[in-house]
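Close look at the chain arrangement
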Amino acid sequence: MSWRGEVAASVVVFLVALPLCAGVAVASGVPAELGLVTGIVGGLIVGALPGSSLQVSGPAAGLTVLVYEAVRAYGLSALGVLVLGAGVLQIGLGVLRWGRWFRAVSVAVVQGMLAGIGLVLVAGQVYAMGDAAAPGGGGIEKLAGLGALPGAVDPVALALGGATVGVLVVWPRWRWGARFVPAPLVAVGGAALVTGVFDLGVRRVEVRGLWEAVRVPSVDDLGLFTHAGVVGTVLAFALIASAESLFSAGAVDQLHDGPRTDYDRELVAQGAGNVLCGALGALPMTAVIVRSAANVRAGARTKASRVLHGVWLLVFAALLPGVLGVIPVAALAGLLVHAGCRLVPVRELGVLWRSRDRGEVVVLGVTAVAIVTWNLFEGVLVGLASAVAKTAWDISQVHVEIEDRGDTGVVVRVVGNATFLRLPKLLDALEGVPRERGVRLELSGLWHVDHACAAALEAWGAGLAGAGSKGAGSKGAGSKGAGSKGAGSKEVGAKAVGGEEVRGEEVGSRGVGSEAVGSGADGQ
């Protein structure tokens, strides 16, 4: 291990993390020092634990909206209990080895979640860029209030915020400069320098001191867990923080050729960090892709760089907390506006739209709109429900193939997965089968048939028999492999017009495709 390389990487990560920790805290409606506390815990504690070797944890923009809503609903004093509960839940999920299951979440839901968070974040921070008060309520209220914003903003603050966004966009294009000085530091540091030199009358970050900002939850605070809303918020904290951390781990693993992430251990590490953050009354933490990518690109090879970045944050918070007081709030808001815009997956939207599966775009859009309309937790639930509905629709593919064999009759083949979602299509196709000649129904291509479709097939066979076809019906309209035994097991039988008995077979009592029963036209 090259200590020089690890120290250099840790300094880069520290310079990236410092303005982000303060910005996320201010945007979440809590003292800036609490963002630093979470960053310190993410470096010193989580950084030393097993799981992922190179990703860096701390306060993340992805949880800003949820934290802001929780603080507004339950008060700042409840934040520690919420974060602590989420950490305990994460540890439990990791011990039960559920970490890998977070990878089974639809990517469209995750991207929609990030897009919704980004839109709400931008809508809220645009007001802060102009030193204007944001309207109460959720994303819809904030978006609706943008029309009245021009007359309420401070032009000087707005100029600072806009310049911060401009630097964040332009600076990374200068590769040599961006390699040595991160864009967030240049943007926020430059805004603070201009504010201090010209003594601009804009709102600045309020500094209380590190120890004054820390609040250890009391035993009485634990009584909040008796409220259903608090339990729901804890679940949202745990699940969203876990999903963001583990998706970040997968992305970071693609940036280096070192050891891969152990998802269960990483979940336990994140949980341990959130338990400690909760005990200190600080913000919840997740693994953050911006800092993690900066860590890898700066040449980090071991955990030492992320632990050292926590040391630098601790030294800064202990010795130079007053520096935060010269940072204009508009600059931090600009930093969060830029971060929120980057959460909206514009490039991925284009890729999904050009692909064959455009239903993923619908799931992404539904999730984002639901988050903006209601809140993060309900929006994610709506997104998951829409993803499940889309998957059910996709796998419910059934095709009816009709082969006309002339005088020998018609062969009807049903192929795919026959469920109630495709029942109208199945019935329309079967009703179009000519009945004046013999009909042979083959079901060997069915992999699954539910009760509704089995009953429809039985009724269709009974209708053929009643119309006078000889032996109309089929054996085994059940599920091949899935085995819908007993789905429509009553016999289909009738007398043909000419007095010849029609042989009825059980529809749906055996598994698909054991054999099909032929039918010949009865001479009338």
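Counting of residues starts from 1 at the beginning of each chain's written sequence and follows it residue by residue. Where local features are concerned, this predicted model is filtered to residues with pLDDT of at least 70; where side-chain atom pairs are given and counted, the filter is 80 or more; whole-chain, interface and lining totals use all residues. With hydrogens and water set aside, each side-chain value is computed from the structure's full complement of heavy atoms.

Thoughts on the overall build of the protein
Strands are runs of DSSP state E lasting at least two residues, helices are runs of H or I lasting at least four, and both sets are numbered from the N terminus onward. Each helix and strand in the protein was counted, giving 20 helices and ten strands. Accessibility here uses a 1.4 Å probe with only protein chains present; expressed as a share of the type maximum, an area under 20% marks a residue as buried, one over 50% as exposed, and anything in between as partly exposed. In the protein, which comprises 524 residues, the share counted as buried stands at 51%. Whether two residues are in contact is decided by their heavy atoms, any of which lying within 4.5 Å being enough. Sequence separation of 24 or more characterises 78% of the internal contacts of the protein that already satisfy a separation of 6 or more. Only the protein chains shown count as cover for residues, and the accessible areas themselves come from Shrake-Rupley with a 1.4 Å probe. Of the roughly 23,100 Å² of accessible surface on the protein, 63% is carried by carbon and sulfur atoms.

A closer look at the packing of helix α17 (residues 359-373) against helix α18 (residues 376-395)
Between N-to-C directions, angles cover 0 to 180 degrees, with each direction set by a line fitted to C-alpha atoms, over the stretch in contact for helices. Put simply, α17 and α18 touch, their axes get as near as 7 Å, and they point 160 degrees apart. Between α17 and α18, the interaxial angle falls into the category roughly antiparallel. Classified by chirality, the crossing of α18 by α17 is right-handed. Residue-level contacts link Gly-359, Glu-360, Val-363, Val-366, Thr-367, Ala-370 and Ile-371 of α17 to Leu-376, Gly-379, Val-380, Val-382, Gly-383, Ser-386, Ala-387 and Lys-390 of α18. Roughly parallel here means an angle under 35 degrees, roughly antiparallel means over 145, roughly perpendicular means 65 to 115, and every remaining angle is called oblique. Left-handed describes a crossing whose near helix is turned anticlockwise from the far helix through less than a right angle; right-handed describes the clockwise counterpart.

Here's the deal with helix α7 (residues 155-170)
Three or four residues apart is the spacing at which side chains of an α-helix point the same way, because the helix has 3.6 residues per turn. By definition here, a helix of n residues has an expected span of 1.5 Å times n minus one. Over its 16 residues, α7 runs 22 Å from end to end, which matches the ideal 22 Å to within 8%, given 1.5 Å per residue. Of all the residues in α7, the buried ones are Ala-157, Leu-160, Gly-161, Thr-164, Val-165 and Leu-168. One side of α7 carries all its buried residues, which in axial view fall inside an arc of 135 degrees. Opposite the buried face of α7, by more than 90 degrees, sit the exposed residues Pro-155 and Val-170. Next to the buried residues of α7 lie α5 (107-129), α9 (183-198) and α15 (329-343). What qualifies as a polar contact is a pair of N or O atoms within 3.5 Å, subject to a donor-acceptor requirement within protein and to the restriction that residues adjacent in sequence count only when both atoms come from side chains. Capping of α7 at its N-terminal end is provided by Asp-154; its side-chain oxygen lies 3.0 Å from the backbone amide nitrogen of Val-156. An arc is given here, and it is the one of the directions from the helix axis to the C-beta atoms.

Here we look at the packing of helix α16 (residues 346-354) against α17
The N-to-C vectors of α16 and α17 enclose an angle of 145 degrees; their axes lie 8 Å apart at closest approach. For the pair α16 and α17, contact is made by Leu-349, Leu-352 and Trp-353 and by Glu-360, Val-361 and Leu-364, respectively. Residue polarity is assigned by list, with Asp, Glu, Lys and Arg as charged and Ala, Val, Leu, Ile, Met, Phe, Trp, Tyr, Cys and Pro as nonpolar; anything else, Gly included, falls into the polar class. Its residues assigned to classes, the contact of α16 with α17 shows five nonpolar, no polar and one charged.

Here we look at the layout of surface pockets
The way it works is a 1 Å grid over only the protein atoms, where trapped points that fit a 1.4 Å probe form a cavity and open points with protein on both sides within 12 Å along at least five of seven lines form a pocket, and then any residue with an atom within 4 Å of a point lines it. Grid points are joined across faces, edges and corners, and a volume is the space filled by probe spheres set on the points. Of the voids in this model, the second largest pocket is the one considered here, and its volume is about 640 Å³. Lining the second largest pocket are 35 residues, with Val-26, Ala-27, Gly-29, Tyr-68 and Gln-125 positioned closest to its centre. The greatest single-element share of the lining of the second largest pocket, amounting to six residues, is contributed by α5. Class assignment of the residues belonging to the lining of the second largest pocket gives a composition of 20 nonpolar, eight polar and seven charged.

Some remarks on the packing of aromatic side chains
Here a Phe, Tyr or Trp ring, Trp counted by its six-membered ring, pairs with any other such ring whose centre lies within 6.5 Å, and the pair is stacked when the planes are under 30 degrees apart, edge-to-face when over 60, and tilted otherwise. Tallied over the entire structure, the rule returns four aromatic pairs. Here the aromatic rings of Trp-171 and Trp-174 are separated by 5.2 Å at their centres, their planes lie at 85 degrees, and the arrangement is edge-to-face. Among the aromatic side chains, those forming a connected cluster through ring pairs are Trp-171, Trp-174, Trp-176 and Phe-180. Two thresholds decide whether a charge sits over a ring: the Lys NZ or Arg CZ must be within 6 Å of the ring centre and within 35 degrees of the ring normal. Of note, Arg-358 hangs over the ring of Trp-353, and the distance from its end group to the ring centre comes to 4.2 Å. When the ring centre of Trp-393 is taken as origin, the NZ or CZ atom of Arg-422, which lies over that ring, is 3.8 Å away.

Points about the environment of Leu-308
With respect to the helices and strands, the residue Leu-308 is situated in helix α14 (residues 304-319). Each C-alpha atom of the pair Leu-308 and Val-7 lies 7.1 Å from the other, and the pair is 301 residues apart in sequence. If we ignore the near neighbours within four places in the chain, the residues touching Leu-308 are Trp-3, Glu-6, Val-7 and Ser-10.

Examining the environment of Ile-327
Relative to the assigned elements, Ile-327 resides in the loop between α14 and α15. Using a relative accessible area of 11% as the deciding quantity, one classes Ile-327 as buried. For the pair Ile-327 and Arg-204, spaced 123 residues apart in sequence, the C-alpha to C-alpha distance is 5.6 Å. Excluding anything up to four places from it in sequence, Ile-327 contacts Val-188, Ala-192, Arg-204, Val-205 and Leu-332.

Side note on the side chain of Ser-248
Summarising the element assignment, Ser-248 is placed in helix α11 (residues 228-253). When its relative accessible area of 5% is taken as the criterion, Ser-248 is described as buried. At 3.2 Å, the side chain of Ser-248 forms a polar contact with the side chain of Gln-55. With sequence-adjacent residues up to four places away left out, Ser-248 is seen in contact with Gln-55, Ala-287, Val-288, Ile-289 and Ser-292.

A short note on the pattern of salt bridges
Any two side chains of opposite charge can pair, so long as their charged atoms come close to each other. What makes a salt bridge here is a side-chain nitrogen of Lys or Arg within 4 Å of a carboxyl oxygen of Asp or Glu, nothing more. Enumeration over the complete set of coordinates arrives at eleven salt bridges. Close ionic contact of Asp-264 with Arg-100 constitutes a salt bridge, the shortest N to O distance being 3.2 Å. Here Asp-264 is found in helix α12 (residues 263-279), whereas its partner Arg-100 is found in the loop between α4 (79-95) and α5, with 164 residues between them in sequence. On the basis of relative accessible area, Asp-264 is assigned to the buried category, the value being 5%. Salt-bridge contacts for Arg-413 lead to Glu-403; the nearest nitrogen and oxygen are separated by 2.7 Å. With Arg-413 in strand β4 (residues 410-418) and Glu-403 in strand β3 (residues 398-404), this residue pair connects regions lying ten residues apart in the sequence. What makes Arg-413 partly exposed here is its relative accessible area of 23%.

A closer look at the environment of Leu-200
Counting through the fold element by element, Leu-200 comes out in the loop between α9 and α10 (210-213). A C-alpha to C-alpha distance of 8.7 Å links Leu-200 and Ala-157, two positions 43 residues apart in sequence. If near-sequence neighbours (up to four positions away) are discounted, Leu-200 is found in contact with Val-156, Leu-160, Val-194 and Thr-195.

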